[in-house]
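Topology and contacts: notes
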Amino acid sequence: MAKNEKTSNGGFKAFLKSRRARHGSLAIAIVIAVTALVVVLNIIVGLLVDRFPSLKADFTANSAYALQEDTEDYLSHMSKDAKLYILSKESDFESGGQYFVQAKNLLEKMVAVSDGKLTLEYVDVTSNPSFTSKYGNIDWKSSDVLAVVECGEQYQGLTLDECFTYNQEYYSMYGYREYDSTTIEQAVVTGVLNVATEDKVVVDFLKIGGEADYSTLKSVLTSNAYQVNEVSLLTADLDEDAKFAVIFAPTVDLDEETAEKLQKWLENDGKYGRNLIYIPSPENVNTPNAEALIEQWGMKLTEGFAFETSEDHLLSGGDYFAFITDYGDYYTEKMKNKDIPVMVYQTRGIEVTDENNAHALLKTSSRAGIVPYEPGEDWKMEDAITGSPIAVAAEGTKKSGDNESKLIIFGSDRMFASGFMKMNSINNTEFIMSVFNTTSDKDNETVTITGKSLANTELGVTDLGTTSAMMIVFVAVLPLGILLAGIIVWIRRRNK
């Protein structure tokens, strides 16, 4: 027995000293070490990402998990602390599906970029029902309240409809939400902006008759902490504390009493400090009272639509009535990018009749003209080209000392449509909010954030140079490197 043990021990020792054991043991040790290193690195990276969500990289083509520039800009400059409460367990929220996972990632990055000014907390209201009692102004009868944002004494509820978009038709038929994008980034930033703003500028939308759809403009103003009201001058007066009144493309004329009421409101007993924004209807409406009011402020609407023939102002489709404009000398100072133009569609032209008190805000090129509502058979486009720019947005001013009132005209109601206001390649929202913010002496905190879909989540590399470089690395360099390393190892082992 002792002999066998000796033989056995001697054989094991001999094996350990053998070439096969040395090389095999080394390979096993390397595999174990590399595996352990990968596991440790993975744990460390996971802990760092949990601690610092901004470290998460987003390689999706549409940056579905990255914060938008407006979000980062606003949250990184917050002056007040705000709290965001998600009304569910964290695990329950995340289990809602891919869009809730996406939303959770965005929320964590928003907290990180705010540098502690925005805090996030998940509250299970099922086990803590008394939590909602301190927010009496929120409609808790609705089960759609997803979150509460709070700043000081002010708070606001955020609903599912505000935080996610889904197929409304599918929901009405089956009672189940099929989500197609996340809008929680917009909802939270809007909520924070609203609760952090104490004295909101009041904007009255006036109900004259047959107004076009102004819901997009109303939504943009609300999202930027303006208090928006709707007022019928037939039954009520404008708010005394309103800074703006908006008449949005009515299909009827102002009556004489309403026109007079507006003029007195603008003059404000000689104190001024008020602003009327007038957008004419694209329809051929007879509006002598509205036009008489406008003429008192040094402007006149053209009888027909402006058209553009300059190729660098037209879109690829070649529609002469849809074109980009040139800026005047006003309201561009606080804009983030003045190189991005404003686009109009089916716009009236505006003639400035009093250059001392009125001026253009947006203009066509010198290759534009006006087509009458009912052009005659002998009308020709080339003959109507003016040879000088035509104003498509303008303002007239009246003042006393440092106080002034303004009548601002935008010739196109279509420029306020959702498609134009949400398009990143044009500056409609940015310019319009610059007009409101500058005129009301507000900081230019314009927030324009779009929803994020997960429908296209492939690696977002479209740049030709980057694509070529990645192809060279993954198709040539890496495979050749691995092959070369294998040959070197094989030669070294063979020669030992």
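Above this text you will find the structure in question.
Here goes a summary of the coordinates provided. (Residues numbered from 1 in each chain as written. Predicted model: local features only at pLDDT ≥ 70, side-chain atom pairs only at ≥ 80, totals over all residues. Heavy atoms only, no water.)

Quick word on the overall build of the protein
When helices and strands are counted, the protein shows 15 helices and 19 strands. Taken over 496 residues, the protein has a buried fraction of 42%. Taking all contacts inside the protein whose residues are at least 6 apart in sequence as the whole, residues at least 24 apart take part in 72%. Total accessible area on the protein is roughly 27200 Å²; 52% of this is exposed by carbon and sulfur atoms. (Helix = DSSP H or I, 4+ residues; strand = E, 2+ residues; numbered from the N terminus. Buried < 20%, exposed > 50% of the residue type's maximum accessible area, 1.4 Å probe, protein only. Contact = heavy atoms within 4.5 Å. Areas by Shrake-Rupley, 256 points an atom, 1.4 Å probe, with all protein chains shown as cover.)

A look at the pattern of salt bridges
Side chains that differ in sign of charge can pair as their charged atoms come close. Applying the stated criterion across every chain, the model contains 13 salt bridges. K117 serves as the salt-bridge partner of D81, at 3.6 Å between the closest nitrogen and oxygen. With a gap of 36 residues between them, D81 in the loop between α3 (69-75) and β1 (82-86) and K117 in the loop between α5 (98-113) and β2 (118-122) connect regions that are remote in the sequence. R414 is the salt-bridge partner of D413, the closest N and O atoms lying 3.5 Å from each other. Owing to a relative accessible area of 9%, D413 belongs among the buried residues under this scheme. Using a relative accessible area of 31% as the deciding quantity, one classes R414 as partly exposed. (Salt bridge = Lys/Arg side-chain N within 4 Å of Asp/Glu carboxyl O.)

Details of the side chain of Q186
Mapped onto the secondary structure, Q186 falls in helix α8 (residues 184-196). A distance of 2.6 Å separates polar atoms of two side chains, one belonging to Q186 and the other to T190. (Polar contact = N/O pair within 3.5 Å; in protein donor to acceptor, adjacent residues only side chain to side chain.)

As for helix α14 (residues 428-439)
Given 3.6 residues per helical turn, the α-helix brings residues three or four places apart onto the same face. Over its 12 residues, α14 runs 17 Å from end to end, which matches the ideal 16 Å to within 8%, given 1.5 Å per residue. The buried fraction of α14 is high, at 11 of 12 residues. Looking at α14, one finds that the buried residues are N428, T429, E430, F431, I432, M433, S434, V435, F436, N437 and T439. Looking at the residues trailing α14, positive phi occurs at D441, about 60°. (Expected span 1.5 Å × (residues − 1).)

A look at the sheet that holds strand β3 (residues 145-151)
With respect to topology, 4 strands assemble into an open sheet ordered β2-β1-β3-β4, the strand pairing being mixed. Each edge of the sheet is formed by a strand with only one pairing partner; in this case those strands are β2 and β4 (154-159). Taking each pair of neighbouring strands and ignoring which way they run, the sheet shows an average axis angle of 20°. In the sheet, β3 pairs with β4 via 6 bridges, with the strands oriented antiparallel. Residue pairing for β4: C151 is matched across the bridge by Q154. (Pairing = 2+ DSSP bridges. Axes fitted to C-alpha atoms, helices over the stretch in contact; angles between N-to-C directions.)

Here we look at the packing of aromatic side chains
Counted under the stated rule, the structure contains 21 aromatic pairs. On the numbers, 5.5 Å between centres and 55° between planes, the contact of F131 with Y135 is tilted. For the pair formed by F131 and Y135, the shared burial category is buried. Geometrically, the ring pair formed by F248 and F416 is edge-to-face, given 5.6 Å between the ring centres and 70° between the ring planes. Taken together, the positions of F248 in strand β9 (residues 242-248) and F416 in the loop between β19 (403-410) and α13 (418-421) put the pair 168 residues apart, joining distant regions of the chain. Given a relative accessible area of 3%, F416 falls into the buried group. Grouping aromatic residues by their ring pairs yields a cluster made of F93, F100, Y122, F164, Y166, Y171 and Y179. Here the basic side chain of K398 rests over the ring of W297, its NZ or CZ set 4.7 Å away from the ring centre. It is K442 that lies over the ring of Y226; its NZ or CZ is 4.1 Å from the centre. (Phe/Tyr/Trp six-rings, centres within 6.5 Å; stacked < 30°, edge-to-face > 60°. Lys NZ or Arg CZ within 6 Å of the ring centre and 35° of its normal.)

Structural notes on the nonpolar core
Counting 37 residues, the largest nonpolar core has L221, F410, F416, F431 and F436 as the members making the most contacts within it. The greatest single-element share of this core, amounting to 5 residues, is contributed by α14. Not counting residues up to four positions away in its chain, the partners in contact with L221 are V203, F205, Y226, V228, M433 and F436. Counting residues in each nonpolar core, the second largest holds 35 residues, with Y74, Y99, A187 and A196 among its members. (Core = buried A, V, L, I, M, F, W, Y, C linked by side-chain atoms within 4.5 Å.)

Thoughts on unusual backbone geometry
Even without being glycine, D115 reaches a positive phi, approximately 55°. For D115, the position within the fold is in the loop between α5 and β2. Residues other than glycine seldom take positive phi values, yet D269 does so here, at roughly 55°. Structurally, the position occupied by D269 is in the loop between α10 (256-267) and β10 (275-279). Residue D269 is classed as exposed on the basis of its relative accessible area, which comes to 75%.

Quick notes on the environment of R348
With respect to the helices and strands, R348 occurs in strand β15 (residues 348-352). Of the residues examined, R348 reaches a relative accessible area of 5% and is grouped as buried. Each C-alpha atom of the pair R348 and V392 lies 6.3 Å from the other, and the pair is 44 residues apart in sequence. In this structure, R348 is in contact with P280, S281, E291, L301, T302, E303, G304, F305, Y373, A391, V392 and G411, ignoring residues within four places of it in sequence. Of the polar contacts made by the side chain of R348, one reaches the backbone oxygen of T302; its length is 2.8 Å. Looking at R348, its side chain comes within polar contact range of the side chain of Y373, at 3.1 Å.

As for a nonpolar patch on the surface
Together, L37, V40, L41 and I44 make up an exposed nonpolar region whose accessible area comes to about 350 Å². Here V40 is to be found in helix α2 (residues 19-51). V40 sits in the partly exposed class, given a relative accessible area of 43%. (Patch = residues over 30% accessible without salt bridge, like charges linked within 9 Å, V, L, I, M, F, W, Y side chains within 5 Å.)

Some details on the environment of N337
Within the secondary structure layout, N337 lies in the loop between β13 (326-327) and β14 (343-345). On the accessibility criterion, N337 (32% relative accessible area) is partly exposed. Here the alpha-carbon distance between N337 and F431, two residues 94 residues apart in the chain, equals 9.9 Å. Within the local environment of N337, its side chain forms a polar contact with the backbone nitrogen of D339, the two atoms lying 2.9 Å apart.

Some details on α5
Given a rise of 1.5 Å per residue, 16 residues ought to cover 22 Å, and the 23 Å separating the end C-alpha atoms of α5 matches this to within 8%. Taken together, the buried positions of α5 are Y99, F100, Q102, A103, K104, N105, L106, L107, E108, K109 and M110.

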